[in-house]
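Structural features, examined
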Amino acid sequence: MQNTQIQSGPILWVVTGLLAIAPAMATARAADAPKLEYNRDIRPILAENCFACHGPDSAARKADLRIDRREDAIDLGAIVPGNPASSELIARISAKEATELMPPPKTGKSLTEAEKQTLRRWIAEGAAYQPHWSLIPPKRPALPAVKDAGWARNPIDRFVLAALEARGLRPAPEADRRTLARRLCLDLTGLPPSPELVEKFVNDPSPRAYEDLVGRLLESPRWGEHRARYWLDAARYADTNGYHFDNYREAWAYRDWVIAAFNRNLPYDRFTVEQLAGDLLPNHTLDQEIASGFNRCNATTNEGGVIPEEYKVLYARDRTETVSTVWMGLTAGCAVCHSHKYDPLSQREFYELSAFFNNTTQPTMDGNVKDTPPTIFVPTPADRPRWEKVSVEARETRARLDARKSAARVEFDRWLASAKPEDLSALAPSAGLRLATDAIGPDARPIAHFESADVGDFEKDHAFSYGAWIKLPGKGITGAVIARMTNAGGYRGWDLWLEGNRLATHILNKWPENAIKVVTRAEVAPGAWTHVLATYDGSGKASGVRLYIDGRPQPTDTHVDALRETIRTNVPFRVGRRENGEGAPGSEVVGVRIYDRALSAAEVAGLSGADRLLALARTPAPSRTPDDLNAAFSWWLDSVDPVGKDLRIRLAAIEVEQSEVRARGTFAHVMHEADSPAMAYLLDRGEYDKRRDSLKPATPAALPPMSPDLPRDRLGLATWLVRPEHPLMARVTVNRFWQEVFGAGLVRTTGDFGITGELPSHPELLDWLAVEFRESGWDVKALFRLMVESSTYRQSAAATPEKIQADPFNRLLSRGPRFRMDAEMIRDATLAVGGLLTGELGGPSVKPYQPVGVWEAVAMPESNTHDYRQDHGDRLYRRSLYTFWKRSAPPASLDILNAPTRETCTVRRERTDTPLQALVTLNDPQFVEAARALAQTVLKTPADVSDARLDAIAVRVLSRPFKPEERSIVRASLARLETHYRDHPDEAKELIAVGESKPDPSIEPRTLAAWTMLANELMNLDEFLNK
Amino acid sequence: MDPFQEYVRNESRRQFLSRGSNAVGWAAMAALLGREGLAPRAGAAGLEASPTGSRPPGPKLHFAPKAKQVIYLHMVGGPPQMDMYDYKPQMNAYFDKDLPDSIRMGQRLTTMTSGQKRFPIAPSKYKFARHGKNGMWVCELLPYTARMVDDMCFIRSMHTEAINHEPAITYMQTGNQVTGRPCLGAWLSYGLGSLNDNLPTFVVLVAKPTNTEQLQAISARLWSSGYLSGEHAGVSFRSGGDPILYINNPPGVPAGIRRETLNGLKALNELNYKIVGDPETHTRIEQYELAFRMQASVPELTAVTSEPEATYKLYGEAARKPGTFAHSALLARRMIERGVRFVQIYHNNWDTHANVAGRMPDQCRDIDQPCWGLIQDLKARGLLEETLVIWGGEFGRTIYSQGGLSQSNYGRDHHPRCFTMWMAGGGTRPGQIYGETDDFSYNIVKDPVHIHDFHATVLQLLGFDHRRFTYRYLGLDQRLTGVEPARVVKELIA
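None of the values given here were measured: they were computed from a predicted structure.

This part takes up the overall build of chain A. Each helix and strand counted, chain A has 38 helices and 17 strands in total. In terms of its C-alpha atoms, chain A occupies a principal-axis envelope of roughly 115 × 80 × 50 Å. Taken over 1027 residues, chain A has a buried fraction of 52%. Sequence-distant contacts in chain A: of pairs separated by 6 or more residues, those separated by 24 or more amount to 70%.

Here it is in structure tokens:
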């Protein structure tokens, strides 16, 4: 009866849906194999129908009966092994009375006759239980016998073929070389092959041609990019903080670490340990610490008014769920609120697991900044050796300077006693001086009002310097020190500005799109006269601005660097305000100086020192304060004392180098453990303010015990995960890699290996792969080689109606993989085919074309990712994994093609097919421009051979020439397009102007337009969009 | 019938049954199964739509629906209920007096006011008057709304647990404070399917407020499909540029040329299908055709200039300006007419922590006439009966002032314990005033309505029993109303 149903195909499918394969295998076996297996045959029935009320969840349990555990079921008489007739379970499922019947009719669940029969037989056979299949550590199974042994290239094929043969199916024939070249390139590098690669492979006579190609592709740096792209979904990596403001987060060092890790084939156990606990490894490297950023990729908030504890709990929960999903395929999320209905992960165990992630020094409020601590500085790869040396030199030079400082005080006192005021004023630079007001001194009067139209009227290509002495009343002061700036039209001019006591300057045409803004990292201390000064070299760049506090060059942050037009304004220069005020409240200003050139660092030091010493010299000795004396000494040491001066110059050079390295580098968000021992509270219903027991970190009881010698921290957890006896880690991992290649995992529910997940389509194959992967030393490249070199992989994707009926979703792998590519692959393939794709590896994320308003529509005005400022040039054509990912508005075209928001861990993307997707690939300027670029390339092919250009376009888009029927359709399309654009030259010009790259002027626009639309048509082919 | 075609039929139906993630779009599904115009309808024998009819045989309608379409006007930030609908004249005697502890009862506060030394009461500075047969109190800033109170169904006793925007809006839209669940619109797209051939099922419009002092984040996570298939996510119509992303052909590509390329594309895809035999190829062909139809229907939909002058008398002059709430309301009516199932409009800047006096006039002016106009318009066109209009925010605001308090101005912090919402049409009880709060508009004293109760009621109006309207995910039958008990508020239903 059951078998008939299976053969009738669709009917059974309608009834049992995607779980059909495994039960089908089970029932097929039931006929010939005598003994039922709990996991395969019984547990699915019980889980679906019984466990909700008679399972592990004590809160939902009815009649105090649980039948997920054999001893409980026997104790209460539900099961009498060997005796179905005495088993209450059988009595209840067969009951005639609705009040007696199980499952109760009101639940809407019912058992089929076949299911009831299976349960009876199982009890008769002794009612043996098993742990859930995925909790039993995998053992390497024997390879099954197959009839067509010659078809199998490697063990994968034996398992696949055995399953096909059991259903009377044959594998599909091997795909042709062109198809295989395209498939391999897309799977191993995420990019389509070049026509040259295809031709070379097609004509390669070597018996190892295929394996050689695989080897070359695995060595390509594109391999690491492509693998990283999948991993970043799992890691929920993004370029913004996520909640509320959703501000920029500079976290791409982690992304680049992932790419490099795949490229250097970091063994997967190391890959795991470093990401979960790189910061805890003894003598860890910078890279290992960067890797710990995995746990920093979660979304964070800084919303005013939130209760930090609530979000702290959410962060730990997110990390727990992510790690459980990625490494164990456990859907831990449900256990947040209650004991897991079906899986043996109790609520208590969830919080014990979360304790591992609950001990970070990270502040809950992210501060709306890009570098929420803990972070570490990451130099560029080229700077790394130098950075380490410079850090040592800086340390040593500072030590010597300190030593000189304690030795030289006496010399200074002597010098001061003999110094003459005129010598001192000569220290201040005078060339190019345009304005100087009285500096500090015993009789200094803060400037109450000063304005002059003649001062400071500089153009943006003019070098100038501007500074003053200021005294601030306290912390948090914001406002203008001096300015020549109008408020009209979005501000124009320049100023010296305080921003929360940090020194800053604006040089601008219009805020913020046409402006420079540079801000110091250090704050000006309140309550003391401090010299502040800015120099600008007229370059129009933020890098041409230097800020000094007390004569010392300051490390700065560039907030805006986009000045393009004039900065001149008729509004006069003013002290203590801009055109409409905006002064720094309570601040005193004296000693304003303006120069029409950029002072050198030595000159600025001289200026501030001279002013200070002059003031000191004019002050009678008894009235000289220790602070003033110390400040003067400090300057003397740096500028007059030969030993100190030399050291200071050396240190300045080191600091300049350091700041240059810093400016080129980035930082990584990392994990740091707090000193206190890790713990978490059990939270009633998952609510942060309903704390119950305090729990120590621990792993779930259903999994192998964590060795007592392992530390109870993330390192211990990671080490436990990669132990060979861990039943889930290897299986979950190979399954996810399998999914990347074959479109669906052997367990289709990639993130759920629990009881509610689907059963594996090929359980033995999954186990074999898991053991193989582990025993290979967790060699990721070897695993992919194994998969793509199998005959299974090399099958043609063409499906016969018979196969569609017998294996509609290719779960049996009766043909090669074919499915719509992920968003990034479609965009990358389009750029690659158009010849636009740039190959640069890593670095800050980029902002390619995006329709206006995508960010603006959703972002808060205060957000620094409110305005999408599109990049230009090469940055428009980088691989999509480098596209800037704003969580509350992911890249629009990728989003439409099912890219996740990266707000939470995603291990399996959706794959829908919608009209909005068609609109992207038809109309997005990126795709239209790529079509035009492709058209330009093929139009350079001489047209002397018939259809040479059509062939050129076909091999690029499809990696094969057109078939004759296709050729005639394409010719007809082209003819109509040519006719249209011949008659509509204006439209032709409009079309080829799409995109920022310039159309080739040597090509007649009407021809180019017609071929652009032809390319656009072909780049929307189902075959192009599918792998 | 060709056995292979039959397979495709079964195949597509099966995908809907399994609701797998590689689901065929509903449009393609409908194209494969044939369509019967408007769906769903109660079957002749029972109350369920025919399984092979015009809607996917996924969830079944449990009741004859009263409403078939929804317009949900969400006021982002949380409008101050006591300055609009929850009239508290007793408060005038309490000006600048501290909120009694007996009222606050240890209520948790946001960290924006938890540090405040005092909680001085700020009575509403606005005049209220009674209107309509039901005598509903409405503030002077809402003169148009005041005219239609007998058509409206007020709930003054809404409550939530969330006290900050992100979790609170997420709660209101998805029934859960943690992001990642499907929103109401997605649930209804899943449950009810499409009513039209050429437009999305669920549309989102983000209106720009006149005043922008305190905008809150609005992101696509609010209209996401969560664990439901992606086609149930809201499609955001934009007020600037293309109304739907990438809807317009590139410059220099007229519709005729697009048609040419699509014809070629289709012919080539058909050839490939003959060789490869992947049913998804046909789905894709259909999606391209639907995209082409949308390219024609969306501009027609958004061309409000074709509206007669009378329309602007109804909705106000602001309706001429794209991006305003009035314009969005007018678009919503045009969408309802054309069979869009669910229109969600967001109107921002209701987060009145400070300067209530400076902001409320603009906030109310933005929405007052357009809400009235929308309901009159729907009524006149016979659409109100089956269109449910919902108005409300994510929480209420405190009676005590945040920051400085004067007779003329004050601020109000977030308040989860009570807020006011209203509904109209779609089978709601006209003229109903449900629920009461205490004199301080602080605690509910009668007929509380939790977010889950509200969702349960909305689902009921649309034909679903919220307990049985489920989607299997992570091994559980997930519901919009979650696991806690929720009640359908019968008093709100006509």
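Once the structure has been displayed, the description carries forward.
Of the regular secondary structure elements, chain B holds 12 helices and 17 strands. Within chain B, the proportion of its 494 residues that are buried is 59%. Within chain B, contacts between residues at least 6 apart in sequence are counted, and of these 75% link residues at least 24 apart.

Okay, the confidence of the model for chain B next. Residues and elements named next belong to chain B. Per-residue pLDDT for chain B has a mean of 87; in total, 88% of the residues score no lower than 70. pLDDT under 50 marks residues 1–57. Its contacts with residues more than four places away, or in other chains, come to 102 contacts. Scored by ipTM, the complex comes to 0.78, with pTM at 0.78.

Omega for the bond connecting A:P373 with A:P374 falls within 30 degrees of zero, at -5°, which places this linkage in the cis form. Structurally, the position occupied by A:P374 is in the loop between α18 (347–355) and β1 (375–378). The omega angle of the peptide bond from A:W511 to A:P512 is -5°, so this bond is cis rather than trans. Although it is not a glycine, A:L813 sits at a positive phi angle of roughly 60°. One can find A:L813 in the loop between α29 (801–806) and α30 (823–833). Despite not being glycine, B:D447 has its phi angle at roughly 55°, a positive value.

This next bit is on the pairing of strand β11 (residues 419–424) of chain B. Remember that side chains alternate between the two faces of the sheet whenever the strand is regular. Residues and elements named next belong to chain B. With 6 of 6 residues buried, β11 lies mostly within the body of the structure. Burial along β11 is two-sided: F419, M421 and M423 and T420, W422 and A424, pointing in opposite directions, are all buried. When strand β8 (residues 387–392) meets β11, the two strands line up antiparallel, connected through 3 bridges. Each residue of the ladder has a partner; that of I390, found in β11, is M423.

Right, let's get into the packing of helix α33 (residues 925–939) of chain A against helix α34 (residues 948–957) of chain A. All names here are of chain A. Running from amino to carboxyl end, α33 crosses α34 at an angle of 135°, the nearest separation of the two axes being 9 Å. Compared by their axis directions, α33 and α34 come out oblique. Handedness of the α33/α34 crossing: right-handed. Here L934, V938 and L939 of α33 come into contact with α34, specifically with R949, A952, I953 and R956.

Residue and element names in this part refer to chain A. Reading across from one edge, β2-β14-β4-β9-β10-β11 is the order of the 6 strands in this open sheet, with antiparallel pairing throughout. Of all the strands in the sheet, the pair left with one neighbour each is β2 (433–436) and β11 (552–553). Note: strand β4 (residues 464–471) against strand β14 (residues 588–595), 6 bridges, orientation antiparallel. Across the sheet, the residue bridging to W469 is V590, located in β14. Lying on the sheet, helix α21 (residues 601–618) is in contact with β4, β9 (530–536), β10 (545–549), β11 and β14; it crosses β9 at an angle near 155°.

A few words on the sheet that holds strand β13 (residues 573–575) of chain A. Strand pairing in a sheet takes place through backbone hydrogen bonds and is either antiparallel or parallel in direction. Residues and elements named next belong to chain A. What the 7 strands build is an open sheet, ordered β3-β13-β5-β6-β7-β8-β12; its pairing is antiparallel. Pairing within the sheet leaves two strands with one partner each, and these edge strands are β3 (451–452) and β12 (556–561). Two elements, strand β7 (residues 502–510) and strand β8 (residues 514–523), share 7 bridges in a ladder whose sense is antiparallel. If you follow L508 over to β8, its bridge partner there is A515.

Residues and elements named next belong to chain A. Relative to the assigned elements, L213 resides in helix α12 (residues 209–219). Judged by local crowding, L213 falls into the buried class, with 22 C-beta atoms found within 10 Å. The sequence separation of L213 and L197 amounts to 16 residues, and the corresponding C-alpha distance is 9.1 Å. Those residues within four positions of L213 in sequence are excluded, and the remaining contacts are A181, L184 and F201.

Here we come to helix α17 (residues 308–328) of chain A. Residue and element names in this part refer to chain A. Here α17 contains 21 residues, and its C-alpha end-to-end distance of 29 Å stays within 8% of the 30 Å for a straight helix at 1.5 Å per residue. A large share of α17 lies buried, amounting to 17 of its 21 residues. Downstream of α17 by a residue or two, G329 has a phi angle that is positive, lying close to 60°.

As a further point, take the interface of chain B and chain A. Each side of the interface is counted separately: chain B has 75 residues, and chain A has 82 residues. Broken down by secondary-structure element, the contributors of at least two residues to the side of chain B that touches chain A are α1 (3–18), α5 (165–174), α7 (255–276) and α8 (279–302) of chain B. At 12 residues, α7(B) tops the list of elements feeding residues into the side of chain B that touches chain A. Of the residues belonging to the side of chain B that touches chain A, the class tally is 31 nonpolar, 32 polar and 12 charged.

All names here are of chain B. Per the domain assignment, the segments of chain B are domain 1 (1–58), domain 2 (69–240 + 322–492) and domain 3 (247–306). Between domain 2 and domain 3, the contact holds 9 residues from the first and 6 residues from the second. For the side of domain 2 that touches domain 3, the class distribution of residues is 4 nonpolar, 2 polar and 3 charged.

Here we take up the packing of helix α32 (residues 915–923) of chain A against α8(B). The geometry of α32(A) relative to α8(B) is characterised by a closest axis approach of 8 Å and an angle of 80° between their N-to-C directions. Comparing the axis directions of α32(A) and α8(B) gives the class roughly perpendicular. Contact residues: A:P915, A:Q917, A:A918 and A:L919 in α32(A); B:Q287, B:Y288, B:L290, B:A291 and B:M294 in α8(B). Within the contact of α32(A) with α8(B), the residues separate by chemical class into 7 nonpolar, 2 polar and no charged.

With that settled, the discussion passes to the confidence of the model for chain A. Predicted confidence across chain A gives a mean pLDDT of 91, with 96% of residues reaching 70 or more. Scored below 50 in pLDDT, residues 1–31 of chain A shows 34 contacts in the model against residues more than four places distant or in partner chains.

On to the environment of A:R1006. Position of A:R1006 among the secondary structure elements: in helix α37 (residues 1005–1018). When the C-alpha positions of A:R1006 and A:I992 are compared, they lie 8.9 Å apart, and in sequence the two are 14 residues distant.

So, on to the environment of B:Q69. All names here are of chain B. With respect to the helices and strands, the residue Q69 is situated in strand β1 (residues 69–75). A residue is classified by how many C-beta atoms lie within 10 Å of it, and Q69, with 25 of them, is buried. On a C-alpha basis, the gap between Q69 and I399 in space is 35 Å, while along the polypeptide they are 330 residues apart. Setting aside residues up to four positions removed in sequence, Q69 forms contacts with I336, R341, E386 and T387.

The rules behind these values
Residues numbered from 1 in each chain as written. Chains lettered and ligands numbered in written order. Predicted model: local features only at pLDDT ≥ 70, side-chain atom pairs only at ≥ 80, totals over all residues. Helix = DSSP H or I, 4+ residues; strand = E, 2+ residues; numbered from the N terminus. Buried ≥ 20, exposed ≤ 12 C-beta atoms within 10 Å, placed from the backbone. Contact = placed C-beta atoms within 7 Å. pLDDT = per-residue confidence, 0-100. Pairing = 2+ DSSP bridges. Axes fitted to C-alpha atoms, helices over the stretch in contact; angles between N-to-C directions. Parallel < 35°, antiparallel > 145°, perpendicular 65-115°, else oblique. Left-handed = near helix turned anticlockwise from the far one by under 90°. Expected span 1.5 Å × (residues − 1). Nonpolar A, V, L, I, M, F, W, Y, C, P; charged D, E, K, R; others polar. Domains from an automatic or database assignment.

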